[in-house]
Amino acid sequence: MEKFIVMGRTRLEGTVRIGGSKNAVLPIMAASLLTSKNSTIFDVPHLTDVLTMKKVLEHLGARVNFTSEVLEVDTSGVNRHEVAESLTRQMRASNLVMGPLLGRFHRVRVSHPGGCDIGSRPMDLHLKGFQSMGAAIHERYGFIEVEANDLHGAEIHLDFPSVGATENLMMAAVLAKGQTVIRNAAKEPEIVDLQNFLNGLGAKVKGAGLDVIRVEGVTSLNSVEYTIIPDRIEAGTYMTAGAITGGDILITNVIPEHLEPISAKLRETGVTVTEYPDSVRVQCAGRARAVDFKTMPYPGFPTDMQPQVMALMATADGTTVIAETIFDNRFKHVDELRRMGANIKVEGRAAIIKGVPRLSGAFVEATDLRAGAALVLAGLAAEDATIIENIYHIDRGYAQLDGKLNGLGARIMRVNNHR
Ligand code: UD1
């Protein structure tokens, strides 16, 4: 297994280009199952999660070609409706094929996703929505089976604006009879990207980005060519890397409006964030100021940036309180940051961080994707070297994090376990 050795006390400087969004491309790849025609998707990042979704599509009978950030999917041969347990276990987002398979074949079977590293992640909102569209649900032998003889439009009110449930229900509704209305829908930019892709296929979806999404069912779909939006969490991670190292970096290929919740918080800490039409510059001189924050659905502060900004607050001037309201167990990075000298106390869903002037390198473990990114950032700012194990978590969602950071002046080595 590979690990990172991150040399500390580096100042980042230069330009880094952001790739396509992981959380946009995964549902869009799933949505390609709705049509029997070809989908060509541009700006697809080289991530393990993308390769896992590719395997899921291939397992279902699709032919997928992925070279130089272009992914071509031919779904004319799709003939299975079941996702193998091994794939669902590798990546929870495999369950995003449920909506499209239900829409196209009126049946789907996936293994129950169970919990994960950041907390229990039920599927009740997805399933209740499918039920109101006329589907029957059977949960047996560790699998969820969904079947509908007559899939029809419905009025759905989500108890919580779940990203995955909104996406699955939008996709199921595309080929359903009549109109589906999803209220209290998630408003993340990735939902808008999915709507644009679906409409490119010939679907009739409107309202994404707002509370209410309306889908008018259609009977057939076309082929499509589509470019994925830039990854706002990858961009936010580099912004925070600039801040924690007292650096000056230009982050290109971004949509600055999508970064607003992150930019606003970084500005409160004293970091200078300058927006250009499709790039942002982050400059930080001296120590960041401590600021409280709470994770919220978009346009609130994203839970996927909580660990990275916690790393920044670990060395900030003052005391920070972070409330994690989206996931019930997303503080696993706290123990690892403590090993590096951070002063953090967890009380339920809140973390209290007393900033220290400097962290020190240590042996730590990436417990999930964003926790791993947080440790890399902490390592860049710490004294001496930090050794991060289990970096396969990081490769799930960052293309070349080490290579891109090294391009900005970092010194990160990727090594195999036998050091
Ligand atoms: C997506 C993102 C993930 C991000 C999260 C929140 C992808 C591939 N992943 O995950 O990176 O952290 O949004 O922004 O896009 N919930 C229920 N019942 C359900 C569904 C969700 O209770 O049926 C709860 C979850 O347990 C969690 C909260 O809702 O506590 C948010 O989950 P959700 O928005 O669904 O996140 P994902 O779509 O899984």
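Keep in mind that what you see is a predicted model, and the values were worked out from it rather than measured.

A.B. asks: Quick question: what am I supposed to make of the pairing of strand β11 (residues 143–147) here?
C.D. replies: Each regular strand carries side chains that alternate between the two faces of the sheet. Along β11, four of the five residues are buried, which leaves the element largely enclosed by surrounding structure. Examined bridge by bridge, strand β7 (residues 107–111) and β11 share five bridges and lie antiparallel to one another. Among the inter-strand pairings, Arg109 is bridged to a residue of β11, identified as Glu145. In the sheet, strand β10 (residues 136–140) pairs with β11 via five bridges, with the strands oriented antiparallel. Residue pairing for β11: Arg140 is matched across the bridge by Phe143. Counted between consecutive antiparallel strands, the loop separating β10 from β11 contains two residues, among which Tyr141 sits at a positive phi close to 55 degrees.

A.B. asks: Would you take a moment to explain the sheet that holds strand β19 (residues 279–283) for this structure?
C.D. replies: Consider a sheet: its strands pair through backbone hydrogen bonds, and that pairing is either parallel or antiparallel. Strand order across the open sheet formed by four strands is β2-β17-β19-β18, with mixed pairing between neighbours. The strands lining the two open edges of the sheet, one partner per strand, are β2 (13–17) and β18 (272–276). Neighbour-to-neighbour, the strand axes of this sheet turn through a mean angle of 15 degrees, independent of strand direction. Sheet contacts for helix α8 (residues 232–244): β2, β17 (248–252), β18 and β19; angle to β17, the most-contacted strand, approximately 170 degrees.

A.B. asks: Looking at this structure, I do not really get the nonpolar core. What am I missing?
C.D. replies: As a rule of thumb, nonpolar side chains are buried together in soluble globular proteins. Phe130, Val146, Val174 and Leu198 are the most contacted members of the largest nonpolar core, which totals 76 residues. It is helix α1 (residues 22–31) that provides the largest number of residues to this core, a total of seven residues. Excluding anything up to four places from it in sequence, Leu198 contacts Ala31, Leu34, Met170, Met171, Val174, Ala203 and Val205. Grouped together as the second largest cluster of nonpolar side chains are 69 residues, Phe4, Val273, Leu359 and Tyr398 included.

A.B. asks: Please clarify how the site of the ligand should be interpreted in this entry.
C.D. replies: Surveying the vicinity of the ligand reveals 19 residues, the closest of which are Asp124, Leu125, Ser162, Asp304 and Ile326. Residue Ser162 places a side-chain N or O atom 2.6 Å away from an oxygen atom belonging to the ligand. For the ligand, whose free accessible area comes to 740 Å², the fraction covered by protein is 85%. Counting residues per element, the ones that place at least two in the shell around the ligand are α5 (124–132) and α6 (163–173).

A.B. asks: Please explain the layout of surface pockets as it appears in this structure.
C.D. replies: Over the atoms rolls a probe the size of a water molecule, and in doing so it shows where empty space is left. Within this model, the second largest pocket holds a volume of roughly 250 Å³. In terms of lining, the second largest pocket is formed by 16 residues, of which the most central are Ile244, Gly246, Gly286, Arg358 and Ala381. Secondary structure elements with two or more residues in the lining of the second largest pocket: α8 and α12 (369–381). Looking at the lining of the second largest pocket residue by residue, the classes come out as eight nonpolar, five polar and three charged.

A.B. asks: Even after reading the chapter, I still don't get the packing of aromatic side chains, so can you show me in this structure?
C.D. replies: Per the counting criterion, the structure on display carries two aromatic pairs. Geometrically, the ring pair formed by Phe197 and Tyr226 is edge-to-face, given 5.8 Å between the ring centres and 85 degrees between the ring planes. Of this pair, Phe197 sits in helix α7 (residues 189–201) while Tyr226 is found in strand β16 (residues 224–227), placing the two residues 29 residues apart along the sequence. There is no split in this pair, since Phe197 and Tyr226 are both buried. Consider the rings of Phe293 and Phe301, whose centres lie 4.6 Å apart with planes at 55 degrees: the pair is tilted.

Here is what the cut-offs are and how they apply
- Residues numbered from 1 in each chain as written.
- Predicted model: local features only at pLDDT ≥ 70, side-chain atom pairs only at ≥ 80, totals over all residues.
- Heavy atoms only, no water.
- Buried < 20%, exposed > 50% of the residue type's maximum accessible area, 1.4 Å probe, protein only.
- Helix = DSSP H or I, 4+ residues; strand = E, 2+ residues; numbered from the N terminus.
- Pairing = 2+ DSSP bridges.
- Axes fitted to C-alpha atoms, helices over the stretch in contact; angles between N-to-C directions.
- Contact = heavy atoms within 4.5 Å.
- Core = buried A, V, L, I, M, F, W, Y, C linked by side-chain atoms within 4.5 Å.
- Near = heavy atom within 4 Å.
- Polar contact = N/O pair within 3.5 Å; in protein donor to acceptor, adjacent residues only side chain to side chain.
- Areas by Shrake-Rupley, 256 points an atom, 1.4 Å probe, with all protein chains shown as cover.
- 1 Å grid on protein atoms, 1.4 Å probe; cavity = no way out; pocket = protein on both sides within 12 Å on 5 of 7 lines; lining within 4 Å.
- Points joined across faces, edges and corners; volume = space filled by probe spheres on them.
- Nonpolar A, V, L, I, M, F, W, Y, C, P; charged D, E, K, R; others polar.
- Phe/Tyr/Trp six-rings, centres within 6.5 Å; stacked < 30°, edge-to-face > 60°.

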